[in-house]
Number of protein chains: 2
Amino acid sequence: MTRVLIHLDRDAPEGLAAQVSAAIRRAVQSGQLAPGARLPGSRSLARELDVSRTTTVLAYEQLAAEGLVASKRGAGTFVATPTALTSPPRATGLSWRLSRRGEALASMPPPALRSAGPAVPFRIGAPALDRFPVARWFELARQRHQRVRASDLDYGEISGLRALREAIATHLLAARGTRCDPDEVVIVGGAQRGMELLFQTLLDPGDEVWMEEPGYTGAKSALRLAGAHAIPVPVDDDGLDVDAGIARAPKARLAFVTPSHQFPSAVTLNAERRRALLEWAHTRHAWIVEDDYDSEFTYASTPLPCLHGLDRHGRVAYLGTFSKSIFPALRLGFIVAPASYCQRLKPVRFASDIQPPFIDQATLADFIAGGHFERHLRRMRALYAERLEALRTAATKYCGRELVVRPVRAGMHAVGMLKVSAEHVARAAAVRGVEVMPLSFYYSSAATPLNGLVLGFSACRAEANARAMALLAECIETVSRGG
Amino acid sequence: MTRVLIHLDRDAPEGLAAQVSAAIRRAVQSGQLAPGARLPGSRSLARELDVSRTTTVLAYEQLAAEGLVASKRGAGTFVATPTALTSPPRATGLSWRLSRRGEALASMPPPALRSAGPAVPFRIGAPALDRFPVARWFELARQRHQRVRASDLDYGEISGLRALREAIATHLLAARGTRCDPDEVVIVGGAQRGMELLFQTLLDPGDEVWMEEPGYTGAKSALRLAGAHAIPVPVDDDGLDVDAGIARAPKARLAFVTPSHQFPSAVTLNAERRRALLEWAHTRHAWIVEDDYDSEFTYASTPLPCLHGLDRHGRVAYLGTFSKSIFPALRLGFIVAPASYCQRLKPVRFASDIQPPFIDQATLADFIAGGHFERHLRRMRALYAERLEALRTAATKYCGRELVVRPVRAGMHAVGMLKVSAEHVARAAAVRGVEVMPLSFYYSSAATPLNGLVLGFSACRAEANARAMALLAECIETVSRGG
């Protein structure tokens with residue numbers, strides 16, 4: 001006879017019979033009690049558990065009603081053989097055939113090839129997470145926890161916590177030179193989610209969109225998700241070639257741009273192109289989605305204000321992220337757009353993620369409003385500037401003229417131009433355990449890619465970056481020798 | 001001459017000139033310094049701030065380069081009149097014309113009509129948030145915070161934290177009688193977001209879907225988001241009428257169901273219909289999306305296992321939410337589906353919300369694994385059973401035979417059937433400040449709706465529900481008198 005350990009809690013709101021049947025049910029479902037196993041008689045079980053016999057009889061009756069046990073006259077109670085109403089074994093190795101749309105979406109390439117685990121040199125867009133003031137952050141979270149009200153735990157503002165939207169509006173004015181109202185801010189689960197919402201509501205399937213070439217794979221995926229038709233528009237040393245865009249797709253509905261620090265080429269969109277782009281959007285009633293993903297970190301003496309700040313006609317949707325400035329696992333970002341548009345997004349969010357989580361938003365609002373955000377950004381700006389400088393020094397030291405780091409005004413990565421094939425060097429580097437992306441990875445068209453590597457410099461200490469640069473120099477050497 | 005308060009931090013990583021220019025920039029951008037305002041001379045500003053004159057000259061040069069200030073020979077330095085490169089005033093009252101798809105999405109009705117603020121009697125699907133063990137939750141969050149590693153702050157598992165997926169798999173076996181592997185679980189930002197992902201990948205635009213009639217508005221919105229064609233299939237006392245579904249749309253690709261506690265009619269799908277539904281899905285290679293939204297709270301002696309647990313052929317996608325069992329502002333839910341499908345969802349999530357936030361997931365995992373979840377559910381089950389009983393008593397006491405509360409086996413709401421028009425009663429109740437939804441709100445077709453009210457009983461104390469019931473009795477009385 002099989003024995004099952006049954007713990008009874010005489011203070012529990014559930015009755016004893018329910019507890020007995022629950023324990024046996026669990027044992028059956030977990031396989032601890034196999035089909036056909038004999039259970040103790042109701043009388044002896046009652047004695048063993050020190051409960052009335054009514055309790056054990058009721059428990060067995062409940063299990064019999066569920067089809068989990070069966071009594072054989074004179075022989076006792078047994079675990080039933082599975083029937084249609086108990087969990088049967090499911091077919092294994094199941095594979096669902098997705099819809100055509102599902103198939104297309106599931107076949108999208110990953111945004112970048114990166115290893116799991118701690119940050120490595122050259123990783124792109126990865127903040128120095130070991131320098132994040134975790135203690136301060138968690139102290140703010142604790143304070144929020146202490147004064148949380150039952151209504152904070154309920155559904156809240158669809159557009160995001162007002163305190164956070166206010167903090168963002170204040171920050172943007174000081175840091176990015178653009179003025180906006182909290183009603184023009186929508187908090188989303190990361191900038192990528194913001195793109196999804198913008199493209200879903202501003203574009204119809206088949207609509208043409210200017211996409212920077214080379215450009216951000218995440219934006220390309222979001223455009224595919226929306227069924228839009230991305231038209232690659234070349235990026236040169238001055239950023240997106242607006243004239244080329246007009247020539248290739250004058251009727252595009254939208255332009256996706258990273259003007260402060262183009263992803264991945266690291267150039268800045270110049271003032272004249274900014275004006276031309278805004279003019280085009282105004283004239284054609286097109287939209288500009290400005291992804292200002294790492295512009296908090298500016299190294300140039302004259303940072304250009306964001307496009308949103310230059311836009312008189314309200315054609316720019318600004319996308320901000322806290323994945324670079326706070327940490328990626330927070331999953332918070334924001335859209336800045338006209339208030340009437342933010343209002344119209346609400347039904348779409350009701351149908352999907354509804355709203356961002358409360359505690360994360362509240363903690364972030366306190367972090368910004370308390371000046372900790374500005375302080376952290378200032379520290380990281382200085383740190384990243386140092387790491388960029390060290391990267392340049394190491395490049396010169398180890399690679400000489402074989403790898404030329406182009407100047408950058410902002411952000412968390414630079415571009416190193418090569419004489420030998422960047423793809424070959426990247427492949428050789430992978431073999432040596434160095435993760436580095438060739439620019440060619442970010443091209444969609446057959447255009448001849450810039451022959452360079454994207455060199456993230458923010459994630460790791462300068463010494464680690466320098467060591468990786470020394471290895472990279474060896475790879476360049478190997479490739480030049482035709483190895 | 002205008003004065004601007006400038007605080008200098010001589011220990012800051014930024015230079016003094018940068019600090020001076022930043023302070024003036026902020027004053028210009030915030031409007032504190034108006035266009036044309038005269039700034040102090042570089043020499044007198046240097047004296048006032050106790051810095052070298054080089055510092056103030058550099059600061060002014062930087063601002064001049066940005067176009068924010070201009071010098072007039074012999075007259076001094078002035079705040080520049082806005083040019084194309086400083087933030088101009090934007091057109092106000094902007095309104096964006098959405099795409100056709102965007103327009104359709106933005107025009108979706110809200111999921112329910114509910115007031116803002118604390119929970120009120122009859123509110124549907126609202127947990128007793130004042131009974132949530134906040135202190136325990138926050139203690140677990142604090143413990144997680146203390147042992148957080150830099151890599152926890154980085155991007156993590158796209159499908160959600162493995163510890164949480166394991167905790168969910170264990171919980172589902174014990175609580176819902178279904179067996180699944182952590183690789184068959186995907187953590188999402190709420191069950192609504194789970195629906196979006198399932199519909200997006202399993203359906204093509206125009207695909208037919210069985211939708212319970214009456215049915216959950218949130219699911220209807222998610223189907224619209226996916227461009228699917230919802231076919232209303234009647235629900236009777238035994239749940240979804242599977243034969244009617246087969247007659248109306250035999251080739252539907254998917255059926256959306258709430259078998260444990262139908263939303264909103266509160267009936268349970270009987271065993272025979274469960275088998276028929278599974279059989280149909282198996283034969284037609286259709287999917288069943290089982291939204292098990294509030295089944296943790298069972299009152300019947302024989303709870304039926306979930307459809308997912310009965311499914312031999314793997315046609316069921318199970319949707320779970322923590323909005324009822326933990327709290328809505330957490331924004332976490334999950335999908336259970338074949339592992340190969342969960343794997344294929346990854347590129348779709350890379351293009352949208354990427355992953356859920358780390359700390360929330362980790363805290364929830366600890367809450368479940370530590371047994372706190374089971375304990376909380378047990379307490380809430382007992383509490384809600386009491387509140388349901390009190391609701392019945394109050395209904396009999398105040399409304400007599402005018403409002404008949406139908407039996408429920410599970411969940412957080414019951415249905416009260418009326419003789420007079422439920423819509424009229426709901427409207428009269430709204431006038432008296434009582435929030436209550438008529439069943440008719442949840443119908444999509446011209447079918448004659450069940451004449452009843454949806455009575456949430458979980459959110460408020462029994463006495464508050466009883467008082468609201470007394471008011472409701474007055475409304476019924478008024479409507480019967482034709483008032």
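Placed above this text is the structure.
Residues numbered from 1 in each chain as written. Chains lettered and ligands numbered in written order. Predicted model: local features only at pLDDT ≥ 70, side-chain atom pairs only at ≥ 80, totals over all residues. Heavy atoms only, no water.

K.L.:
Outline unusual backbone geometry, listing residues and values.
P.N.:
Residues and elements named next belong to chain A. A cis amide bond links E213 to the next residue, P214, at an omega of 5°. One can find P214 in the loop between β5 (208-213) and α8 (217-225). The amide bond that connects F263 to the next residue, P264, takes the cis arrangement and shows omega of 5°. Here P264 shows up in the loop between β8 (254-257) and α10 (271-284). Look at I354: it is not a glycine, yet its phi comes out positive at around 65°. Within the element layout of this structure, I354 appears in the loop between α13 (346-350) and α14 (358-369). A residue is classified by how much of its surface remains accessible, and I354, at 9% relative accessible area, is buried. (Helix = DSSP H or I, 4+ residues; strand = E, 2+ residues; numbered from the N terminus. Buried < 20%, exposed > 50% of the residue type's maximum accessible area, 1.4 Å probe, protein only.)

K.L.:
How would you summarise the nonpolar core if you had to cite specific residues and measurements?
P.N.:
With 162 residues, the main nonpolar core has L403 of chain A together with L403 of chain B as its most contacted residues. Leaving out residues up to four positions away in the same chain, L403 of chain A has contacts with A395, G416, M417, L418, L453, L455, M469, L472 and I476 of chain A. (Core = buried A, V, L, I, M, F, W, Y, C linked by side-chain atoms within 4.5 Å. Contact = heavy atoms within 4.5 Å.)

K.L.:
So what's going on with the interface of chain B and chain A? Residues and values would help.
P.N.:
Each partner contributes to the interface: chain B provides 116 residues, whereas chain A provides 114 residues. Of the roughly 10200 Å² buried between chain B and chain A on both sides combined, carbon and sulfur atoms contribute 59%. Its largest share of buried area at the contact with chain A, chain B owes to R90, W96 and L153 of chain B, together 9% of the area lost on that side. For the pair chain B and chain A, the interface holds six salt bridges. For R344 of chain B, the salt bridge is made with E103 of chain A, and the minimal N-O distance between the two is 2.9 Å. Of all the elements, helix α7 (residues 191-202) of chain B adds the most residues to the side of chain B that touches chain A, at seven residues. (Buried area = accessible area lost by both parts, 1.4 Å probe. Salt bridge = Lys/Arg side-chain N within 4 Å of Asp/Glu carboxyl O.)

K.L.:
So, the sheet that holds strand β2 (residues 69-72) of chain B: which residues are in play, and what are the values?
P.N.:
Residues and elements named next belong to chain B. On the basis of which strands lie adjacent, the open sheet formed by three strands has the order β1-β3-β2 and antiparallel pairing. A single partner strand is all that each edge strand has here, and the edge strands are β1 (38-39) and β2. Bridge count for β1 against strand β3 (residues 76-79) is two bridges, and the pairing is antiparallel. Across the sheet, L39 pairs through a bridge with T77, a residue of β3. (Pairing = 2+ DSSP bridges.)

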